[in-house]
Each structure stands twice: as structure tokens, then as C-alpha cells.
Amino acid sequence: MTPADITGTSCSRALDSDCGAGVGKSVLLGMSGGVDSSVASLLLRRQGWQVRGLTMITHDGGFAAAEDARAVCDTLSIPLLVVDVREAFRRLVVDDFISAYLMGLTPNPCIRCNPAVKFSLLIREADRLGCSAIATGHYAGIRRNPATGRLALLKTPSGRKDQTYFLHRLDQSQLNRLTFPLEGLQKPAVRQIAAEYGLSGQDGSSLAVKPDSQDICFIPDGNYTDFIRRELLRHGPSDALKLTEPGKTVDINGKTIGSHQGLIHYTVGQRKGFQVRTTDRLFVIGMELSSNTLIVGPYEQVLKKQIRVGEIVYSGAESFKAGDRLLARIRSSAREMPCQVEPEPDGDLAVTFEQPVSAPSPGQSCVFYDRDLIMAGGIIRMS
RNA sequence: UGGGGUGUAGCCAAGUGGUAAGGCACGGGACUUUGACUCCCGCACUCGUAGGUUCAAAUCCUGCCACCCCAG
């Protein structure tokens, strides 16, 4: 679809015509106030859907974005529902985020939020409002895996913006109601649509040039370590505070070669932020919580051929059997790498990569693809 | 005030006569709905200091200063 399809003289007719996938049906669209979900609302209407918007307030700083969503909905005459989910978000996402760091993990709060808060709220409200479908402005698609009949997220072709990694924990019932209007589009095209349609935020500024969201939404200044420390102090003294305080940095042989600022500042594979007496470029290869020690080493020591992945959510696959060959992505921006999986008795997966991968970080997600479909995904365990 | 050692960027540090490596930190940018990684660009007209030797000195010589160690 080109922008011309929804703008110009044919636009108004197309927007409210009764042809398209959504004719006679209503959809509840998650709207963040950003350009993606705003353009998604346009596209849904063009498909004939009766669109309702839902904006969720996840944290104290979330009200401004809601105003932008309101502005868009006013422009397009879309009814908008704003729901305050701060309590649930704190319980299901923020608390998990903090406790993960206190276990030496590197959590990905967006991945926890999607199934537990964002999409479960969309489903709940869609049911309440009588909407048959839900939608968001993510860059992703959904397909049924012919081999199993199960629904799976469809990855965007490589080189484009693909957000399936963040959505991999959605379950079948969530995928079953979901549609992604932005599937197949690229970001520049979406911005162009916003520009041509003149979408603007609450203050009148163009959504077409609104920056992408980034960083952790509930930590606007980006300083997550300060955030964790503040939260810990709020609950009074505790042993956990030790992890926010400086300690020693050692090499793989246990020899002390410097110091660090507090273990919550680090993640496996990180190369900066610790003070060490050396001329080499060193990376975090692990940490020891009990002694507040950071372990670092040269790049080779950060390469791993085997990892263990837990908390598996199966999508396109119903299960795996030993020796299944897949492609796995161990971070949002990484390429998928060929691997073999072997289910463990406890439900975890032992994963062996064909080639060593760089710095799999415990707490981050490992998502398994078969070609372009997500088969399953889970959380990387401590090695 | 006898002996030995060391002084190179905010920190660590290579360099022993030929025109200041590298790592951390720092600043700017790209990438990015997590944390990271990665990639660009910048960062000592100068090597404690004052002289000397040399076509050429961080490198050799001398004085001075500072710090460290060992002795009394």
C-alpha cells in the first residue's frame, strides 16, 4: 500500500468505505500517542474496521503521551479509552525488573509487559466493549504455522524494523485476536503517511517527526541504576543495597585487577564502566553476588556455544524434540543464529549454537525462529 | 640528604635516538520501544623541571624537584 492510497481525493471515501478486512467488525487499538499506532488507526479504518482506541497509563510520566493519543483520536473521531494500569504495571513489570537485577540478571521489561499488561488489558477491554479484534502499531505479522495449526508471529524481512522479539511471549489466545496494520510497512512510509495526513500531537507538533520511543518507559531519565537504588532505599535498609555499591573486579583466574561501581550497573558482554588496570579491552563475563565481585576477561571469554533457556512460551511450535534445528536470536538487534535445541526434563531448553554467540546475557530473551515464524522463546538462564 | 627505584593525558600504560601505541574515563554522532554490543568522530604541538650532546631527544648526559623502597 502506498500513502497515496489513503490520502488525496480517494482518501475520505476509502476511509469509511465498506470494503476491506474489517467491514462490520470493531477493533480495539492500543494507542501510545506515537506515530506508529496513530498511523495504524488510519490503516484500520481504511480496511473497514470500526476503530476504538485504548491508551494505558503505566507510570506517573505517562499522561503526556495519552494527550497525544487523545489529539489523534479527536482528529479522526475515534473514541479513546484511557486506563490507569499503574498498579498492575508496578506489580507485574517494575517489581520483576528490580528483583531480576538483584539476582544478577539483565531483565527486559518490555517483553514482560507485553503479554502480562499491555495485551491482556487489550483483550479484557475488547471483551468488555464487544470488539472482536485487538491491534497495535508494532512492526510484525501473524501467520498460522501449517505444520502445527498454531499461530506464530511473522518476522519482518531482514534489514527492516522488526519487533517480533519483544512480542514473543504472547500466547495463542492473544495472537488469535490480534492484527498488525503496519505489517509490511517500513518506518519511513509510516512517517510519510502521518505527514501527508497531517497527524499532530496535543501541542500541535507533527507526529511524523516525533522521535521513536526508547529507553525504559518508566525511567524517563534513563538512569536505571539510580531508579533501583531509590526503590530499595524507599523500603529501608536491606542486603540488596550491597549490589548498588562498589566492589572488586577480577579476571577469570580470580586475580583482583580493579574495581566496579555496583553489580547492578553491569551485564554480561559489557565493556565499559569498570575501573581496571590494563591495556586490553575487557568485557564482563560474569559476576558473583555473594562477594560483590565482577568478573571480566578478553572478548574470547564472552563467546558461548551453549546456553540454557527457561520459561519457554511456545508459539508456532507445540514443543521441541532433541536435535531440532532452529534459528535463535539472543538480543533484539541481533541476527538469528543456527542452533540445535534439546528439551530438558524441567521444561528448559539446552541450546547449542553452530558458531559461538557473543555474550548471551542471563535475563534477556532467546527467541527461536523457523524461517520467518517464531516457534518459541524463553529467558536465558544463569550459566 | 647513604643506597636503590620511579616520574608520559583525569586514570592505567607502550615507547631506550628519528618525529607520542593501546585501554578506561570524557565529549559528539549513528544504531535502539530493555540492558548491552557495535560503528564513526574528537580527546598530550608533547613526555616532572632546567640546561647540555645531536641533523634529530620521551629516549643519551648533568643539575634541580616530587614520590616510593631499603638502610642508619
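Below or above, wherever it landed, is the structure these notes cover.

Thoughts on the sheet that holds strand β10 (residues 275-276)
- One open sheet holds the 5 strands; their spatial order is β10-β9-β8-β12-β11, and the pairing between them is mixed. Of all strands in the sheet, those with a lone pairing partner are β10 and β11 (283-288), marking the two edges.
- Bridge count for β11 against strand β12 (residues 293-297) is 5 bridges, and the pairing is antiparallel. Counted as the bridge partner of V284 is V296 from β12.

Considering the nonpolar core
- F97, I134, L178, F218, F227, I228 and L294 are the most contacted members of the largest nonpolar core, which has 53 residues in total.
- Ranked by the residues each element gives to this core, the list is headed by helix α5 (residues 109-129), at 8 residues.
- Aside from chain neighbours lying at most four places away, what touches F218 is H59, F89, V93, V94, F97, P109 and F227.
- In terms of nonpolar packing, the next biggest core, distinct from the first, is built from 28 residues, A40, A135, L185 and A194 among them.

Here we look at helix α4 (residues 86-102)
- Its 17 residues give α4 an end-to-end C-alpha distance of 22 Å, which sits within 8% of 24 Å, the value for a rise of 1.5 Å per residue.
- V94 marks where α4 bends most, by close to 30 degrees.
- Those residues of α4 that sit buried are F89, V93, V94, F97, I98, A100 and Y101.
- Residues of α4 that are buried make contact with α5 and α9 (224-234).
- Among the residues trailing α4, G104 stands out with phi positive, at a value near 85 degrees.

With respect to the pairing of strand β8 (residues 247-250)
- Sheet topology note: the β8/strand β9 (residues 256-260) ladder contains 4 bridges and is antiparallel. Residue pairing for β9: G247 is matched across the bridge by H260.
- The antiparallel hairpin formed by β8 and β9 contains 5 residues in its connecting segment, where G254 sits at a positive phi of about 90 degrees.

A short note on the protein's contact with RNA strand B
- Around RNA strand B, a shell composed of 33 residues is seen, among which H138, R271, G273, S361 and Q364 lie nearest.
- Counted by atom, the contact set of RNA strand B within 4 Å of the protein is 59% sugar and phosphate.
- Note that a base oxygen of RNA strand B is positioned 3.1 Å from one of the side-chain N or O atoms of S332.
- Counted by class, the surface near RNA strand B contains 9 nonpolar, 15 polar and 9 charged residues.

Quick notes on the layout of surface pockets
- Empty space within the second largest pocket amounts to approximately 320 Å³.
- Taken together, 19 residues make up the lining of the second largest pocket; nearest its centre are V268, I285, P362, M382 and S383.
- Of all elements in the fold, only β11 and β13 (303-314) reach the threshold of two or more residues within the lining of the second largest pocket.
- Broken down by element, the residue count for the lining of the second largest pocket peaks at 4 residues, all from β13.

Calculation criteria
- Residues numbered from 1 in each chain as written.
- Chains lettered and ligands numbered in written order.
- Predicted model: local features only at pLDDT ≥ 70, side-chain atom pairs only at ≥ 80, totals over all residues.
- Heavy atoms only, no water.
- Pairing = 2+ DSSP bridges.
- Helix = DSSP H or I, 4+ residues; strand = E, 2+ residues; numbered from the N terminus.
- Core = buried A, V, L, I, M, F, W, Y, C linked by side-chain atoms within 4.5 Å.
- Buried < 20%, exposed > 50% of the residue type's maximum accessible area, 1.4 Å probe, protein only.
- Contact = heavy atoms within 4.5 Å.
- Expected span 1.5 Å × (residues − 1).
- Bend = angle between axes of the 7 residues up to and from the residue.
- Near = heavy atom within 4 Å.
- Polar contact = N/O pair within 3.5 Å; in protein donor to acceptor, adjacent residues only side chain to side chain.
- Nonpolar A, V, L, I, M, F, W, Y, C, P; charged D, E, K, R; others polar.
- 1 Å grid on protein atoms, 1.4 Å probe; cavity = no way out; pocket = protein on both sides within 12 Å on 5 of 7 lines; lining within 4 Å.
- Points joined across faces, edges and corners; volume = space filled by probe spheres on them.

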